[in-house]
Amino acid sequence: YLQTRLRTRQEERDELIVGAVEQLREALQDDLELLEWVEDIDIAGRSKHLWSIHNKMQKEGKALEQIFDLLALRVVLRPRPLTVPEGTDDVRRERAEENREKRVCYHTLSVVHSMWTPLPGRVKDYIAVPKPNGYQSLHTTVISQSGQPIEVHAPGQDRQQPDDQQTEHQHR
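Residues numbered from 1 in each chain as written. Predicted model: local features only at pLDDT ≥ 70, side-chain atom pairs only at ≥ 80, totals over all residues. Heavy atoms only, no water.

Novice: So what about the nonpolar core? Which residues, and what values?
Specialist: Grouped together as the largest cluster of nonpolar side chains are 21 residues, with contacts concentrated most on L24, L28 and L73. Elements with a contribution of two residues or more to this core: helix 2 (10–30), helix 3 (32–37), strand 1 (38–47), strand 2 (71–79), helix 5 (90–115) and strand 5 (149–155). Per element, the largest residue contribution to this core is five residues, and it comes from helix 2. (Core = buried A, V, L, I, M, F, W, Y, C linked by side-chain atoms within 4.5 Å. Buried < 20%, exposed > 50% of the residue type's maximum accessible area, 1.4 Å probe, protein only. Helix = DSSP H or I, 4+ residues; strand = E, 2+ residues; numbered from the N terminus.)

Have a look at this one:
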């Protein structure tokens, strides 16, 4: 039943993820400003399997049309070390590093939104308002060029997803 309601098969969704990872990697690597700030870009993607879709629908009481993470990307950018004036105290250095990390996340969000159309009401800013467990990330859902919604997460560097939100990202 669920498979007939999905517009794409698992293999097609996997191919969409591979294409989306490539498109996003290219866009981020073409952003000269971003390249000044980061030394590494890691993008992982996954397509949700039928069993996971079914479980989410049952657990959260949602219809298929309300599930926006059938396709998902996770973008982790490692900022370059800061060059700070000699004599800068540790507190100021840490604050500057944290602010740079946040700028990298917000800039990544702007690149994603310039590539793909964001869905209204589907941007979550857990950097400005962290989750109770301290998790900080930007989440957005966009409509890809293929017409499929893709959920994109841009967590701050060294920030892990909480255990209750772990997802298997398989296409790197």
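Novice: Please give an account of the sheet that holds strand 3 (residues 117–125) that cites residues and values.
Specialist: Across the sheet, which stays open at both edges, the five strands sit in the order 1-2-5-4-3 with mixed pairing between neighbours. Only two strands of the sheet have a single partner each, and these edge strands are strand 1 and strand 3. If you compare each strand with its neighbour and ignore which way they point, the axes differ by 20° on average. Judged from the seven bridges that link them, strand 4 (residues 137–143) and strand 5 form a sheet pairing that is antiparallel. (Pairing = 2+ DSSP bridges. Axes fitted to C-alpha atoms, helices over the stretch in contact; angles between N-to-C directions.)

Novice: Break down the pattern of salt bridges for me, with residues and values.
Specialist: For the structure on display, the rule yields eight salt bridges. Residue R78 is joined to D40 by a salt bridge in which the shortest nitrogen-to-oxygen separation is 3.5 Å. Here the residue R78 occupies a position in strand 2, and D40 occupies one in strand 1, the gap between them amounting to 38 residues. What makes R78 partly exposed here is its relative accessible area of 35%. One salt bridge in this structure joins K48 and D69, with 3.4 Å as the shortest N-O distance. With K48 in the loop between strand 1 and helix 4 (50–60) and D69 in the loop between helix 4 and strand 2, the pair connects residues that are 21 residues apart, well separated along the chain. D69 sits in the buried class, given a relative accessible area of 7%. (Salt bridge = Lys/Arg side-chain N within 4 Å of Asp/Glu carboxyl O.)

Novice: Residues and numbers for the confidence of the model for the protein, please.
Specialist: Confidence in the prediction of the protein, expressed as mean pLDDT, is 85, and 86% of residues score 70 or more. Mean pLDDT values over the elements of the protein span from 61, in helix 1 (residues 2–5), up to 96, in strand 4. Scored below 50 in pLDDT, residues 159–172 shows 40 contacts in the model against residues more than four places distant or in partner chains. (pLDDT = per-residue confidence, 0-100. Contact = heavy atoms within 4.5 Å.)

Novice: Any chance you could break down the packing of helix 2 against helix 5 for me, citing the residues and the numbers?
Specialist: Running from N to C, helix 2 and helix 5 cross one another at 120°; their axes reach a closest spacing of 10 Å. The orientation of helix 2 with respect to helix 5, classified from their angle, is oblique. Between helix 2 and helix 5 lies a crossing of right-handed hand. Residues Q23, L24, A27 and L28 of helix 2 form the contact with helix 5, whose own contacting residues are T108, V111, V112 and M115. Within the contact of helix 2 with helix 5, the residues separate by chemical class into six nonpolar, two polar and no charged. (Parallel < 35°, antiparallel > 145°, perpendicular 65-115°, else oblique. Left-handed = near helix turned anticlockwise from the far one by under 90°. Nonpolar A, V, L, I, M, F, W, Y, C, P; charged D, E, K, R; others polar.)

Novice: Talk me through the side chain of R122; I want residue IDs and the actual numbers.
Specialist: As for its placement among the helices and strands, R122 is situated in strand 3. If near-sequence neighbours (up to four positions away) are discounted, R122 is found in contact with F68, H139, T140, T141 and E151.

Novice: How would you explain helix 5 if you had to name every residue and give the values?
Specialist: Side chains of residues three or four places apart in an α-helix project in the same direction, reflecting 3.6 residues per turn. Along its 26 residues, helix 5 runs 38 Å from first to last C-alpha, staying within 8% of the 38 Å computed at 1.5 Å per residue. Buried within helix 5 are the following residues: R100, E101, V104, C105, H107, T108, L109, V111 and V112. A distance of 3.1 Å separates the backbone nitrogen of V91 from a side-chain oxygen at the start of helix 5, and that oxygen is part of D89. (Expected span 1.5 Å × (residues − 1). Polar contact = N/O pair within 3.5 Å; in protein donor to acceptor, adjacent residues only side chain to side chain.)

Novice: Go over a negative patch on the surface, please, and point to the residues and values.
Specialist: Where like charges cluster on the molecular surface, the negative patch consists of D89, D90, E94 and E97. With respect to the element layout, E97 can be found in helix 5. Note on E97: relative accessible area 38%, which makes it partly exposed. (Patch = residues over 30% accessible without salt bridge, like charges linked within 9 Å, V, L, I, M, F, W, Y side chains within 5 Å. Areas by Shrake-Rupley, 256 points an atom, 1.4 Å probe, with all protein chains shown as cover. Lys, Arg positive; Asp, Glu negative; His and termini not counted. Charge placed at Lys NZ, Arg CZ, Asp CG, Glu CD.)

Novice: Report on the side chain of S47, specifying residues and quantitative values.
Specialist: Here S47 lies in strand 1. Residue S47 is classed as buried on the basis of its relative accessible area of 1%. One polar contact links S47 to D14, side chain to side chain, over a distance of 2.3 Å. Residue contacts for S47: discarding those within four places in its chain leaves Q10, R13, D14, I17, L70 and L71.

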